[in-house]
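# Descriptive structure summary
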Amino acid sequence: MLKRVIAYAHELLENSVKPGETVIDGTCGNGNDSLFLSNLVGSDGNVLAFDIQEQAINNTRKLLENEAKNNVTLIQESHHKILEYLNEDQRERIGGAIFNLGYLPGSDKEIITKPESTISAIEVIGSFLKPGGIIVLVVYHGHPGGELEKEELLNHLGKYDQKKFNVVRYGFINQKNSPPFVLAIEKK
Ligand code: SAM
């Protein structure tokens with residue numbers, strides 16, 4: 001009954017994103033979330049997928065090619081630069097976004113998401129998000145730097161105006177080893 005965090009994050013997006021919309025994968029990594037979003041928005045929609053690592057962009061490209069998906073734009077750039085990559089149409093209505101935080105599994109554990117850039121990307125996306133749209137963050141905090149990102153995100157999002165956004169935390173409190181949790185931001 002109780003979903004694991006990634007499944008829960010995907011369910012939230014499934015319930016809010018509509019075919020034809022523009023959505024964002026803030027950290028494409030191995031491409032699993034990009035593929036998921038690609039299926040959600042369909043051939044009339046598009047996914048902007050960011051990652052700073054060439055390896056992540058290549059892994060995502062391979063996965064999407066195998067699945068014959070061509071509605072994803074891969075961008076090797078930090079997600080905090082997102083404004084430069086949104087055209088006028090896309091700025092009008094973003095359906096949702098996902099940020100799977102931390103490091104690329106199987107790669108350099110020192111290349112991690114950082115609070116300033118994560119928050120700056122969320123701010124931009126939040127300003128263009130459609131009413132009812134959702135940004136989901138999967139927060140891993142067991143690695144060096146993860147705890148800081150967790151604290152800064154909780155501190156920042158805890159101050160969001162409740163008249164404009166609902167912000168929710170979902171995660172297991174009886175799992176070992178700093179279990180990840182979801183932060184979801186819904187625009188009212
Ligand atoms: N969503 C991915 C998947 O489905 O496989 C997993 C993402 S992995 C946990 C985190 C990724 O964030 C890494 O690939 C890392 O390179 C990337 N990353 C770190 N800082 C970033 C930044 N400022 N902008 C974009 N990506 C970043």
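Cut-offs applied
Residue numbering note: each chain is counted from 1, following its sequence as written. Only residues with pLDDT of at least 70 get local features here, since the model is predicted, and only at 80 or more are side-chain atom pairs given and counted; chain-wide, interface and lining totals rely on the full set of residues. Side-chain numbers come from the whole structure's heavy atoms, not from hydrogens or water. DSSP calls a pair of strands paired once it identifies at least 2 bridges connecting them. Each helix is a run of H or I in the DSSP string that is no shorter than four residues. Each strand is a run of E no shorter than two, and both are numbered from the N terminus. In this analysis an axis means a line fitted to C-alpha atoms, helices contributing only their contacting stretch, and an angle means the value between N-to-C directions, from 0 to 180 degrees. Between the first and last residue of a helix there are one fewer steps than residues, each counted as 1.5 Å, and that sum is the expected span. Buried, partly exposed and exposed residues are distinguished by accessible area as a fraction of the type maximum, computed with a 1.4 Å probe on protein chains only: under 20%, between the cut-offs, and over 50%, respectively. The reported arc concerns the directions from the helix axis to the C-beta atoms and nothing else. What makes two residues a contact is simply this: any of their non-hydrogen atoms within 4.5 Å. Only buried residues count toward a nonpolar core. Its members are Ala, Val, Leu, Ile, Met, Phe, Trp, Tyr and Cys residues joined through side-chain atoms within 4.5 Å.

### Quick notes on the sheet that holds strand 6 (residues 165-171)
Judged by pairing direction, the sheet is mixed, and its seven strands sit side by side in the order 3-2-1-4-5-7-6 without closing on themselves. This sheet does not close on itself; its edge strands, each paired only once, are strand 3 (72-76) and strand 6. When strand polarity is set aside, the average angle formed by the axes of neighbouring strands in this sheet is 15°. Both strand 6 and strand 7 (residues 181-187) contribute to a ladder of seven bridges, which runs antiparallel.

### Quick word on helix 3 (residues 54-66)
If you check helix 3, its first and last C-alpha atoms are 18 Å apart, about what 13 residues at 1.5 Å a residue would give, namely 18 Å. Those residues of helix 3 that sit buried are Ala56, Ile57, Thr60 and Leu64. Buried positions in helix 3, seen along its axis, are confined to an arc of 95° and lie on one side of it. For helix 3, the exposed residues lying more than 90 degrees away from the buried face are Glu54, Lys62, Glu65 and Asn66. In the core, the buried residues of helix 3 are packed alongside helix 2 (32-41), strand 2 (46-51) and strand 3. At the exit of helix 3 stands alanine 68, carrying a positive phi of roughly 55°.

### Here we look at the nonpolar core
Among the nonpolar cores identified, the biggest contains 26 residues, and Ile24, Phe99, Ile125, Ile135, Leu137, Leu153 and Ile185 are the most heavily contacted of them. Secondary structure elements with two or more residues in this core: strand 2, strand 4 (94-100), helix 5 (115-128), strand 5 (129-139), helix 6 (146-157) and strand 7. When residues of this core are assigned to their parent elements, the largest contribution, five residues, is made by helix 5. Counting residues in hydrophobic clusters, the runner-up holds 25 residues, among them Val17, Phe36, Ala49 and Ala184.

### Regarding the pairing of strand 7
Of all seven residues that make up strand 7, six are buried, and the element is covered over most of its length. Sheet topology note: the strand 5/strand 7 ladder contains six bridges and is antiparallel. Its bridge partner being in strand 7, leucine 137 is matched across the sheet by leucine 183.

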